[in-house]
Amino acid sequence: MKINACIFDLDGVIVDTAKYHYLAWKALADKLGFEFTEVHNERLKGVSRMDSLEILLEVGGITHLSEEEKLKHAADKNELYVSFIKKMPADEILPNVREFLNDLRENGIKISLGSASKNAEMILEKLELMPLFDAIVDGRHISNAKPDPEVFLRGAQELGEAPENCVVFEDAQAGVQAAKNAGMACVGIGDAETLGLADFVMPGFEKFTFADLKAQLNK
Ligand code: B16
Ligand code: MG
């Protein structure tokens, strides 16, 4: 395939924000009086804020909240999450991601973000990555959550590229499915068993280059 653009998920691909999401959701569960573990938290990866809240309430067996109360809990969780993110140092970027992004740019590849997070821009700014992105598509711009392809199709559109020339990097099963639904190649970041639908899966970006990407996708 001809690779013209790469689209990156944020949490779990560029930075591990899941641990901060976990701390903030756990604080809400503590307040509501039930246990919320890191195993439960796995179910929230790549899922939008309000859908995450629904999963958390299901874990706690809480069924009686009004829409207004739910929105308040989600807003409180986000406030705490943002306070953690504000303290996050730039070196929390996952290994070799900055180098890989630079490698893509040197090879003339366009780069977009494709994330469910409404805090994505603030996080990229904290990591000093904004100048490396040609487009940002995040939770503020989309109405259909992954596995719907909207987030990635919009990224391709903003970059002016056809989906078949785009490669998505994703750590969540629903995200890999969304990339495939968009007609794009997909590199899974994480475990091959869960991300089996991806064109190939790797644990992270360590030692990975644009030349490796081309070789893997043109095997
Ligand atoms: P926010 P991604 C996702 O990021 C996270 O994995 C998920 O846990 C979170 O609920 C979602 O963003 C929304 O985040 O509350 O900041 O809008 O993997 O799509 O980059
Ligand atoms: Mg993710």
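In this text the structure is predicted, and so the values were computed from the model without any measurement.

Rules behind the numbers
- Residues numbered from 1 in each chain as written.
- Chains lettered and ligands numbered in written order.
- Predicted model: local features only at pLDDT ≥ 70, side-chain atom pairs only at ≥ 80, totals over all residues.
- Heavy atoms only, no water.
- Helix = DSSP H or I, 4+ residues; strand = E, 2+ residues; numbered from the N terminus.
- Rg over C-alpha atoms; globule rule 2.2 N^0.38 Å.
- Contact = heavy atoms within 4.5 Å.
- Areas by Shrake-Rupley, 256 points an atom, 1.4 Å probe, with all protein chains shown as cover.
- Lys, Arg positive; Asp, Glu negative; His and termini not counted.
- Charge placed at Lys NZ, Arg CZ, Asp CG, Glu CD.
- Near = heavy atom within 4 Å.
- Polar contact = N/O pair within 3.5 Å; in protein donor to acceptor, adjacent residues only side chain to side chain.
- Domains from an automatic or database assignment.
- Buried < 20%, exposed > 50% of the residue type's maximum accessible area, 1.4 Å probe, protein only.
- Donors = N, O, S within 2.8 Å, 3.2 Å for Na, K, Ca; no water.
- Salt bridge = Lys/Arg side-chain N within 4 Å of Asp/Glu carboxyl O.
- Expected span 1.5 Å × (residues − 1).
- Buried area = accessible area lost by both parts, 1.4 Å probe.
- Pairing = 2+ DSSP bridges.
- Axes fitted to C-alpha atoms, helices over the stretch in contact; angles between N-to-C directions.

Turning our eyes to something else, we now look at the overall build of the protein. Within the protein one finds nine helices and six strands. Here the C-alpha radius of gyration of the protein, 17 Å, is about what a compact globule of 219 residues would show, namely 17 Å. Dimensions of the protein, computed from the C-alpha atoms along their principal axes, are close to 50 × 35 × 30 Å. Counting contacts in the protein only where the partners sit at least 6 residues apart, residues at least 24 apart contribute 62% of the total. Carbon and sulfur atoms make up 49% of the accessible area of the protein, which totals about 10,300 Å². Charge separation in the protein, taken as the distance between the mean sites of 24 positive and 37 negative side-chain charges, equals 2 Å.

A word on the site of ligand 1. By nearness alone, 18 residues border ligand 1, and Asp11, Gly46, Val47, Ser117 and Lys118 come closest of all. Separating an oxygen atom of ligand 1 from a side-chain N or O atom of Asp9 is a distance of 2.9 Å. One of the backbone nitrogen or oxygen atoms of Leu44 is found 2.9 Å away from an oxygen atom of ligand 1. Residue-level mapping places the shell around ligand 1 at the junction of two domains, with at least three residues from each of domain 1 (5–15 + 91–217) and domain 2 (18–85).

Let's shift gears to the environment of Ser66. Within the fold, Ser66 resides in the loop between helix H3 (49–60) and helix H4 (67–86). By relative accessible area, which is 33% here, Ser66 ends up partly exposed. Once the C-alpha coordinates of Ser66 and Phe152 are considered, the two residues, 86 residues apart in sequence, prove to be 33 Å apart.

So, on to the coordination of the magnesium ion (ligand 2). The coordination sphere of the magnesium ion (ligand 2) contains the protein donors Asp9 (OD), Asp11 (O) and Asp171 (OD), at a distance range of 2.0 to 2.2 Å. Read from N- to C-terminus, the donor residues coordinating the magnesium ion (ligand 2) fall into the pattern D-x1-D-x159-D. Here Asp171 lies in the loop between strand S4 (166–170) and helix H8 (173–181) and Asp9 lies in the loop between strand S1 (5–8) and helix H1 (18–32), a separation of 162 residues in the sequence. Residues Asp9 and Asp171 agree in their burial class; the two are buried.

Take the pattern of salt bridges next. Counting across every chain of the model gives 16 salt bridges. Residue Lys146 is joined to Asp9 by a salt bridge in which the shortest nitrogen-to-oxygen separation is 2.9 Å. Of this pair, Lys146 sits in the loop between strand S3 (135–137) and helix H7 (150–159) while Asp9 is found in the loop between S1 and H1, placing the two residues 137 residues apart along the sequence. Neither Lys146 nor Asp9 differs from the other in exposure class; each is buried. Two residues, Asp76 and Lys72, come together in a salt bridge whose shortest N-O distance is 2.9 Å. One end of the pair is Asp76 and the other is Lys72, both in helix H4 and four residues apart, which spans about a single turn. Residue Asp76 is classed as partly exposed on the basis of its relative accessible area of 25%. Because the salt bridges share partners, they merge into one network encompassing Asp9, Lys146 and Glu170.

Time to look at H3. Its 12 residues give H3 an end-to-end C-alpha distance of 17 Å, which sits within 8% of 16 Å, the value for a rise of 1.5 Å per residue. Residues of H3 that are buried: Ser52, Leu53, Ile55, Leu56 and Leu57. Lining the buried residues of H3 we find H1 and H4.

In terms of domains, the protein is made up of domain 1 (5–15 + 91–217) and domain 2 (18–85). Measuring from the centre of the C-alpha atoms in domain 1 to the corresponding centre in domain 2 gives 25 Å. Of the residues lining the interface, 10 residues belong to domain 1; the matching set on domain 2 comes to 11 residues. In this assembly, domain 1 packs against domain 2 so that about 940 Å² is buried in total across both faces, 51% of it on carbon and sulfur atoms.

So, on to the sheet that holds S3. Strands sit in the order S3-S2-S1-S4-S5-S6 across an open sheet of six strands; the sheet is parallel. The open sheet has two edge strands with one neighbour each: S3 and strand S6 (200–202). When the angles between neighbouring strand axes are averaged without regard to direction, this sheet yields 20°. Two elements, S1 and S4, share four bridges in a ladder whose sense is parallel. Counted as the bridge partner of Ala5 is Cys166 from S4. On the sheet, helix H5 (residues 97–106) packs against S1, strand S2 (110–114) and S4 and is oriented at approximately 155° with respect to S1. Its contacts with the sheet put H8 on S4 and strand S5 (185–189), and the angle it makes with S5 is roughly 170°.

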